[in-house]
Every structure is written in C-alpha cells, then in structure tokens.
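Secondary and tertiary structure notes
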Amino acid sequence: MLLSFASCVRQDCDEELIGDGQGLYFSLQFGLRGAHAQNLRAQEDGVYSINTDKTDKDDYVKELRIILLQGDEVKKNFYFRALDPDSHGPNKLTTGHNEVSFKLEEDEMDIYDMIVIANESSVRITTRKTLSSVLPKVKTRDEIMAIRLNTGIVRTVSSRFYIPMTAEYRGVDMRKGGSKDSPLKLQLPTPTKGVELLRILAKVELIIKDCVEATRRSDGKFDCSWIGPWGFDRVVTIDLDKVSDETPLFPANQYSSLETSSDATAVRLSQEVDESSVVGLDNLPDDGSIGGVYLLDYRVRFYLPERLVAEAQEADQATEMKITWNYYPNPWDSSKKEEHTNQVSFVRQNEKADDYLTTSATFAPSEKSVYRNSCYRIAISPYRADFRSLETRRDTF
C-alpha cells in the first residue's frame, strides 16, 4: 500500500489534491534504525518494524514530515497523517506496507537534501509552543537544526504520545521519477535503502525481580500483591538526577548543556499493583489449583532525553538513578520506617550506541552518557531487610 500525496507547501496534503498521474512520483520505504531496535521484530528484508509494538508503541509512527532542501533553503515541505494502527484513516503504515509516496512537478526534478521527522505533535519546544506549530513554517536548514525540545522525563506514555524520530540524508537524486501507480522507490545510503528513523529519546526498562505474588482465584484469574512488608504502606521511589532540561531535535556533535533538572521522581510505586506491568502474568498456566501462588517480576519503563557528557565530567554531569526502598526494621511495627537506597548509573549497553554521532579529539562522550535511541535494560532485586534478630520471617525485603 502506498500513500500518495500531491506536491504542496501547506500543512496538510489531502487526498483530493492528488494529481491525475502526470508529473513525477517518488516513494520512500520506512523502518527504524537497527542498532537499538533489539526489542522489535525485523521484517524478512531486514527493515525493522513499523507500527507493530502494541505493548510500548516504540515503533509507532502516526505522522511524518518530509522536508526537501537545497543548500540552506527549504524547497518542499510534505506532511502525512493518520499513519498508525489506532487511527481511523485508510493510510496506515504496517509491516510489509511501510511506504509513502509524493509528487514533484517536472520543473522541480533535482537533487535534494532530505529531512524526515516523525510524531512531531508529541513534543513541545516551550510550554506554549509546539513543534507542530513551528515545522510548517521553517524556511532554512539552520532553523530546523536550531530547534531544542522541552522533554525532560517522559513518565507515563498515553495513547496520544508516540516517540519522536528523525532522519537526515544528503544528495538524494530526484531527477527522474515514476508514475502515480508505479512511483520510483528512492534508494538511500542505508543498509535497507530506505529511511531509518532514529528515536530522539532513550528508553529505560527497569525489571524488579521476584516482587509480585500472583494468587489464583476461583474464577481462574489472579490477584496481584507485593511480597513482604510492601503491604505495610511501603513506598518505592525511583528518582533521577541531572536530567537534561532540553534536547536538540536532531543529533548535534556537542556535549549537552550544563542546565539540568535535579532529583526528579520518575516512578513512585505504592500499594496498588499495575497488573499490566507484571511480567509473565498472561503466560501463567490455566490449569493451576485455586490459591496457587506464583512469584513474578515487575516492569517499569520511562524515557529520558539524550545527555552527552565528557568522561572527566561524569561525576558532576552524568544522569543517575536512585532507588529508595522504604522498609520496616520490625515488620510488625509499622510506626518505625527506614530507607535503603541503590544508586545506578546509565552505562551504555550497546557498542553502537554512539554511531549517530561523529566523535573527535574534542568530542568523545563518556560511557555514562545517555544516548538517544538506546534502550537501557536494568534488572534489580528488592532490598531484603535481615529480620533474623527478630526471630521472624526472612522471606521479605
């Protein structure tokens, strides 16, 4: 399935504006940058999936903007909408049908630089200015590259939030195209020959091991609760320090600004268990006995902006995570509560994490930088207090 839109400079390219088959048509294939798409399926042709990750929607694309430039000047600005599976439009992008097409007039056939932006409506530049209000009006490359996004920590992902993504290519030959029914597929300098989108945020996936008890009910469903003294009004907080307040829309080969937020809470777990975050709950056997108890992990996710720091500045500038476990030295005395903390650094887990950057003698980000498009998977065990001196249970924190 190809999405065909006419050449236009307005914000929206509506279907009724499609030409009569005259002129020259081009198509682009879309996928994700492969280096950090480990948790997504790859298609048979090696293109990473689009609009298939129903759990986290990390590969969802609901809108696309394709900007063509010559020199510093914006020549064409195309916008495509309603591309995601949740939309009600006919132009959804799916695995195996992941192309869009556009039209140029004969006198526009030339060589262009290309900038691609996905999911622009998910982020803001300031509290009062959206990215969607700025991009239709850009006139130069410098305007685009100067855009800084007000991101911070993305704690909860709603049905309206899809991760913004970008791509940029130089010298794309559009001097000869195809017809409306058979557009010329542009060949880009990537392993897939198509657009490979780079997510601007890093994903943090935190697995808390063996912390949820799932008890089978008489109707075959499960009640989930925290183990140990978690039921005694316990609270777990996951705080982040030195998170970038802003991030450039496109990668910039420079260290992140010194301006950061301090000690922002990313996640706070209390008495309620979110069953959608319990790992393996849907895979428990159907024929277990009533009252049977299973010990399961709990999954927490959130997203961070890129933070590039020099090795010499790790201690002062690198983003860090602090996990605070509230517990009771005496589990039978809820009037006295203490804290135990774990400090976690974000250490890159993929040797290609920085492959979207150009390093040099004066720019070499640390291993503890937060890289866009990366996924930081961290497994931790709950803090377990030692209650042996109280001659009581020890199968708790």
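Above this text you will find the structure in question.
The following refers to the structure shown. Position labels on residues start from 1 in each chain and follow its written sequence. Given that this is a predicted model, residues contribute local features only at a pLDDT of at least 70 and side-chain atom pairs are listed and counted only at 80 or more, while totals for whole chains, interfaces and linings are drawn from all residues. As a rule here, side-chain values cover all heavy atoms of the structure and leave hydrogens and water aside.

A closer look at the pairing of strand 4 (residues 73-80)
To keep it simple, the criterion reads: Only protein chains enter the calculation, and the probe is 1.4 Å; a residue is then buried if its accessible area is under 20% of its type maximum, exposed if over 50%, and partly exposed in between. Starting at the N terminus, helices and strands are each numbered in turn, a helix being any DSSP run of H or I of at least four residues and a strand any DSSP run of E of at least two. Whether two strands pair depends on DSSP finding at least two bridges between them.
With 6 of 8 residues buried, strand 4 lies mostly within the body of the structure. Pairing of strand 3 (residues 64-70) with strand 4 involves 7 bridges; the strand directions are antiparallel. Of the residues in strand 4, the one forming a bridge with Leu64 is Phe80.

Quick word on the sheet that holds strand 20 (residues 320-327)
Neighbouring strands of a sheet are bound in pairs by backbone hydrogen bonds; such pairs are parallel or else antiparallel. As a reminder of what qualifies: An axis is simply a line fitted to the C-alpha atoms; with a helix, the fit covers only the stretch in contact. Between two such axes, the angle follows the N-to-C directions and lies from 0 to 180 degrees.
Read across the open sheet, the 4 strands follow the order 17-13-20-21; overall the sheet is antiparallel. Edge strands, defined here as strands with exactly one partner in the open sheet, are strand 17 (264-269) and strand 21 (338-345). Strand-to-strand twist in this sheet, taken as the mean axis angle between neighbours without regard to direction, amounts to 20 degrees. Sheet topology note: the strand 13 (residues 236-241)/strand 20 ladder contains 6 bridges and is antiparallel. Across the sheet, residue Ile238 finds its bridge partner in strand 20, namely Ile323.

Quick word on the side chain of Asp113
The condition is simple: Definition of a polar contact: a pair of N or O atoms within 3.5 Å, with one able to donate and the other able to accept a hydrogen when the atoms are protein atoms, and with sequence-neighbouring residues admitted only if both atoms are side-chain atoms. Contacts: residue pairs with any heavy atoms within 4.5 Å of one another.
Structurally, Asp113 can be placed in strand 6 (residues 110-118). Assessed through its relative accessible area of 12%, Asp113 is described here as buried. One polar contact links Asp113 to Arg141, side chain to side chain, over a distance of 2.6 Å. In this structure the side chain of Asp113 is engaged in a polar contact, spanning 2.9 Å, whose partner is the backbone nitrogen of Gly171. Look past the residues within four positions of Asp113 in its chain and what remains in contact with it is Ile67, Leu68, Leu69, Arg141, Tyr169, Arg170 and Gly171.

Here we look at the environment of Thr260
Relative to the elements of secondary structure, Thr260 occurs in strand 16 (residues 260-261). What Thr260 contacts, discounting residues up to four positions off in sequence, is Lys242, Val243, Asp245, Arg307 and Gln317.

Focus on the nonpolar core
How we decide: Only buried residues count toward a nonpolar core, which is a set of Ala, Val, Leu, Ile, Met, Phe, Trp, Tyr and Cys residues joined through side-chain atoms within 4.5 Å.
Of all hydrophobic cores here, the largest spans 44 residues; its most connected members are Leu240, Tyr298, Phe302, Leu304, Met321, Ile323 and Phe346. Contributing elements (two or more residues each) for this core: strand 11 (201-216), strand 12 (222-226), strand 13, strand 17, strand 19 (293-305), strand 20 and strand 22 (375-380). Examining the composition of this core, we find that 7 residues originate from one element, strand 11, more than from any other. When neighbours within four sequence positions are excluded, Tyr298 is seen to be in contact with Leu206, Ile207, Ile208, Cys211, Val212, Trp226, Leu269, Val273, Asp274, Ser277, Val278 and Val279. Grouped together as the second largest cluster of nonpolar side chains are 30 residues, Leu28, Phe30, Leu68 and Ala167 included.

Examining the pairing of strand 11
Buried residues dominate strand 11, accounting for 12 of its 16 residues. As defined by bridge partners, strand 11 adjoins strand 19 across 12 bridges and the pair is classed as antiparallel. For Ile207, the partnering residue across the bridge sits in strand 19 and is Arg299. Inspection of the sheet shows strand 11 paired to strand 22 by 6 bridges, in the parallel sense. Note that in strand 22 the partner of Leu206 across the bridge is Ile378. The pairing of strand 11 with strand 12 spans 5 bridges and is antiparallel. What sits directly across from Ala214, in strand 12, is Cys224. What sits between the antiparallel neighbours strand 11 and strand 12 is a turn of 5 residues, in which Gly220 has the positive phi angle 90 degrees.

Some details on the pattern of salt bridges
Counted only if it meets this: Salt bridge criterion: a side-chain nitrogen from Lys or Arg within 4 Å of a carboxyl oxygen from Asp or Glu.
A full pass over the atoms with the stated rule returns 24 salt bridges. Note that Glu120 is salt-bridged to Arg65, the shortest N-O span being 2.9 Å. Of the two residues, Glu120 is situated in the loop between strand 6 and helix 1 (131-134) and Arg65 in strand 3; the sequence distance between them amounts to 55 residues. Summarising the burial analysis for this pair, Glu120 and Arg65 share the class buried. Connected via shared salt-bridge partners are Asp56, Asp58, Lys203, Glu205, Arg299, Arg301 and Arg377.

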